[in-house]
Amino acid sequence: MSQLNVNAIRSANGTGDAISLTAASNTCTANITNYPHRNLIINGAFQLAQRSSSSTSNGYKTVDRFSHYSGGGTTTWSVGTETSGTVWEKGLRKYFRCTNTANATAAGNYREITYKIENQDLIDSGWNPASTSSKLTLSFWVRASVAQVYYGRIRWMGDSADSNFVFSTGSLTADTWTKVTVSIPGKSGKTLNDGGGSADNSSIFQLNWAPFQGTDGTASGVALNTWNTYSGSDKYPDFTTTWGSTNGATFDLTGIQLEVSDYATDFENRSIAQELILCERYYEKSYDVGTAPGTADRWGGAYQARDGTASTTIRYYPVQYRTTKRTSSITTVFYRPDSGDVGVKIDSNANGALHSGVGDKGFMAYSNDTGGSLSHYGIFFQWTAECEL
């Protein structure tokens, strides 16, 4: 039987050992980077869009965990599907799209996509934020209908002054998927929780991608791939205005991954079941996953409770979340199952007044329509619970 006697194994061009062996214990240590749960981004493949698959409004309106904002002109934010090609072959079937529906290139105009990382996810990741030799690696796939350079940035708040890290996509070829990799070092003197308003379940580390930013937020000579002091007037270098001035121009993202590593690994594809649980920490609904809130839907996950006896007494109805929420400060909205209107249906009556005591594990719903004409047998509603960063 052949035997290989070595102390370590490394790549021909490597600077460190991939596998080191310990003679005393007949064991080895391997530097494995392609391990599970390494991606700090939730829904980076855009599998879930619980609120809606398309919107023209600002905020958290479409894909889970990502918000989007625009100023000037009009913008459509939507989820698209690939059926073949580069990213599809890597298991990335969905992408998030910004469409420049009506162009706008004035100084105050912009289009931006934002992802906020919960502080404790970074704190527990193994990254040393104060060390310039400790690296995060951001990787993502990007495609645009207009060939030009686009920019993204990371805003790191707290510790007396916010920091800004700007990165570039490089010059993109129109309508062609390109993978971008960004190495992000720590910064001396910075922390991930400054002991003030940035609690563990808040966010001071935020990623942004911009297909366009007007000159109110740009400056010439902004340095790339280094930490600068944040200023709202020079968040990005000056943008080429071609995309911003083109009606119908598109900007697509997919396969977003942030990991503690010196280099990018293949995108970590999580199951839809895993992704849903992670997303529900921030947003959960009673509707089926593919049904937008506000839809007239009597069934699905509609809450229906019948008392059995007509009564004008206050009745209480507990609802438990499937997933414990990030905080107990939750915005809860109720919808009538028969119409989709905001409100609650109490028997055959119109909207009944509903109140709720909310916690991070659920809420208690009750009607205060007592006395008078209302005599109810039960209560019926759909609901959403949101506590995004």
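These notes cover the structure that comes with them. Throughout this description, residue numbers start from 1 for each chain and increase along the sequence as written. Thresholds applied to this predicted model are a pLDDT of at least 70 for local features of residues and 80 or more for the giving and counting of side-chain atom pairs; totals over whole chains, interfaces and linings are not thresholded and use all residues. Excluded from the side-chain calculations are hydrogens and water; all other atoms, namely the structure's heavy atoms, are used.

## Topic: the overall build of the chain
Basically, it comes down to this: In this description a helix means any DSSP run of H or I spanning at least four residues, a strand means any run of E spanning at least two, and both kinds are numbered starting from the N terminus. Throughout, the Shrake-Rupley method with a 1.4 Å probe supplies accessible areas, and for residues the shown protein chains are the sole cover considered.
A tally of helices and strands in the chain yields two helices and 24 strands. As presented, the chain carries roughly 17,300 Å² of accessible surface, and 47% of it is formed by carbon and sulfur atoms.

## Re the pattern of salt bridges
Rules: When a carboxyl oxygen of Asp or Glu is within 4 Å of a side-chain nitrogen of Lys or Arg, the pair counts as a salt bridge.
Considering all chains together, one arrives at 17 salt bridges under this definition. Measuring nitrogen to oxygen at the nearest pair gives 3.2 Å for the salt bridge that ties glutamate 112 to arginine 153. You can see glutamate 112 sitting in strand 8 (residues 110–117) and its partner arginine 153 sitting in strand 10 (residues 149–156), a full 41 residues away along the chain. Its salt-bridge partner being arginine 281, residue glutamate 118 comes within 2.6 Å of it at the nearest N-O pair.

## Some thoughts on the sheet that holds strand 4 (residues 54–55)
Definition in use: Strands are labelled as partners when DSSP assigns at least two bridges between them.
With antiparallel pairing, the six strands of this open sheet are ordered in space as 4-6-7-17-9-12. Two strands in the sheet have a free side with no partner beyond their single neighbour: strand 4 and strand 12 (178–185). Both strand 4 and strand 6 (residues 74–81) contribute to a ladder of two bridges, which runs antiparallel. In the sheet register, serine 55 faces strand 6, and the bridge partner there is tryptophan 77.

## A look at the sheet that holds strand 10
Going by this rule: For helices, the fitted axis covers only the stretch in contact; all axes are lines through C-alpha atoms, and the angles between them, taken along N-to-C directions, range from 0 to 180 degrees.
If you trace the six strands from one edge of the open sheet to the other, you get 5-8-13-10-11-15, paired in antiparallel fashion. Since the sheet does not close on itself, it has two edges, and those belong to strand 5 (66–71) and strand 15 (227–229), each with one partner. Sheet twist, expressed as the mean angle between neighbouring strand axes with direction ignored, is 25°. For strand 10 and strand 13 (residues 205–213), the ladder comprises six bridges, and the chain directions are antiparallel. Looking across to strand 13, one finds that arginine 155 is bridged to glutamine 206.

## Remarks on the side chain of serine 131
Put simply, the rule reads: Contacts are assigned to residue pairs that have any heavy atoms within 4.5 Å of one another.
When you line up the elements, serine 131 lands in the loop between helix 1 (119–123) and strand 9 (135–144). Discounting residues that sit within four places of it in the chain, serine 131 has contacts with Pro185, Gly186 and Lys187.

## Remarks on the nonpolar core
Heads up, the condition is: The definition of a nonpolar core used throughout is a set of buried Ala, Val, Leu, Ile, Met, Phe, Trp, Tyr and Cys residues joined through side-chain atoms within 4.5 Å. Accessibility here uses a 1.4 Å probe with only protein chains present; expressed as a share of the type maximum, an area under 20% marks a residue as buried, one over 50% as exposed, and anything in between as partly exposed.
Leu138, Phe140, Phe205, Trp209 and Phe251 are the most contacted members of the largest nonpolar core, which totals 54 residues. Ignoring any residue separated from it by four or fewer positions in sequence, one finds leucine 138 in contact with Phe167, Val180, Thr181, Val182, Ile184, Leu207, Trp209, Ile256, Gln257 and Leu258.

## A word on the pairing of strand 6
In the sheet, strand 6 pairs with strand 7 (residues 94–102) via seven bridges, with the strands oriented antiparallel. When the sheet's bridge partners are listed, serine 78 is paired in strand 7 with arginine 97.

## Thoughts on unusual backbone geometry
At phenylalanine 46, a position not held by glycine, the phi torsion is positive, near 55°. In this structure phenylalanine 46 comes out as buried when scored by relative accessible area, which is 1%. The backbone of asparagine 225 sits at a positive phi, close to 60°, despite the residue not being glycine. Of note, asparagine 225 is situated in the loop between strand 14 (218–219) and strand 15.

## What about helix 2 (residues 272–280)?
Quick note on the threshold: What the arc describes is the spread of directions from the helix axis to the C-beta atoms.
Three or more residues of helix 2 are buried, namely Glu275, Leu276, Cys279 and Glu280. Taken around the axis of helix 2, the buried residues stretch over an arc of 130°, which confines them to a single face. Packed against the buried residues of helix 2 are strand 18 (283–285).

## Quick look at the packing of aromatic side chains
Let me state the cut-off plainly: Only rings of Phe, Tyr and Trp enter the pairing, Trp through its six-membered ring, and a pair is recorded when the two centres are within 6.5 Å. The plane angle decides the type: under 30 degrees is stacked, over 60 is edge-to-face, the rest tilted.
Per the stated rule, a full pass over the model turns up 26 aromatic pairs. Each ring, one from phenylalanine 140 and one from phenylalanine 167, has its centre 5.9 Å from the other, and the planes form 55°; the classification is tilted. Of the two residues, phenylalanine 140 is situated in strand 9 and phenylalanine 167 in strand 11 (residues 163–171); the sequence distance between them amounts to 27 residues. One exposure class covers both phenylalanine 140 and phenylalanine 167, and it is buried. Between the aromatic rings of phenylalanine 140 and tryptophan 209, the centroid separation amounts to 5.9 Å while the plane-to-plane angle is 85°, which identifies the pairing as edge-to-face. Of this pair, phenylalanine 140 sits in strand 9 while tryptophan 209 sits in strand 13, placing them 69 residues apart in sequence.

## Describing the environment of aspartate 64
Note the threshold: Counted as a polar contact is a pair of N or O atoms within 3.5 Å, where, for protein atoms, one must be capable of donating a hydrogen and the other of accepting one, and residues adjacent in sequence contribute only when both atoms are in side chains.
Its location among the elements puts aspartate 64 in the loop between strand 4 and strand 5. Relative accessible area serves as the criterion here: at 0%, aspartate 64 is assigned to the buried category. In this structure aspartate 64 touches Asn43, Leu48, Ala49, Gln50, Arg51, Cys279 and Tyr283, once residues within four positions along its chain are discounted. A distance of 2.7 Å separates the side chain of aspartate 64 from the side chain of glutamine 50, its partner in a polar contact.

## Things to note about the layout of surface pockets
Under the convention used in this document: Cavities and pockets are defined on a 1 Å grid built over the protein atoms alone: a cavity is a set of grid points where a 1.4 Å probe fits but cannot escape, while a pocket is an open set with protein on both sides within 12 Å along at least five of seven lines, and lining residues are those with an atom within 4 Å of any such point. Grid points are joined across faces, edges and corners, and a volume is the space filled by probe spheres set on the points. We call Asp, Glu, Lys and Arg charged. Ala, Val, Leu, Ile, Met, Phe, Trp, Tyr, Cys and Pro are nonpolar, and the rest, Gly among them, are polar.
Volume-wise, the largest pocket comes out at about 350 Å³. A per-class count over the lining of the largest pocket returns six nonpolar, four polar and six charged.

So yeah, pure geometry; function would need other evidence.
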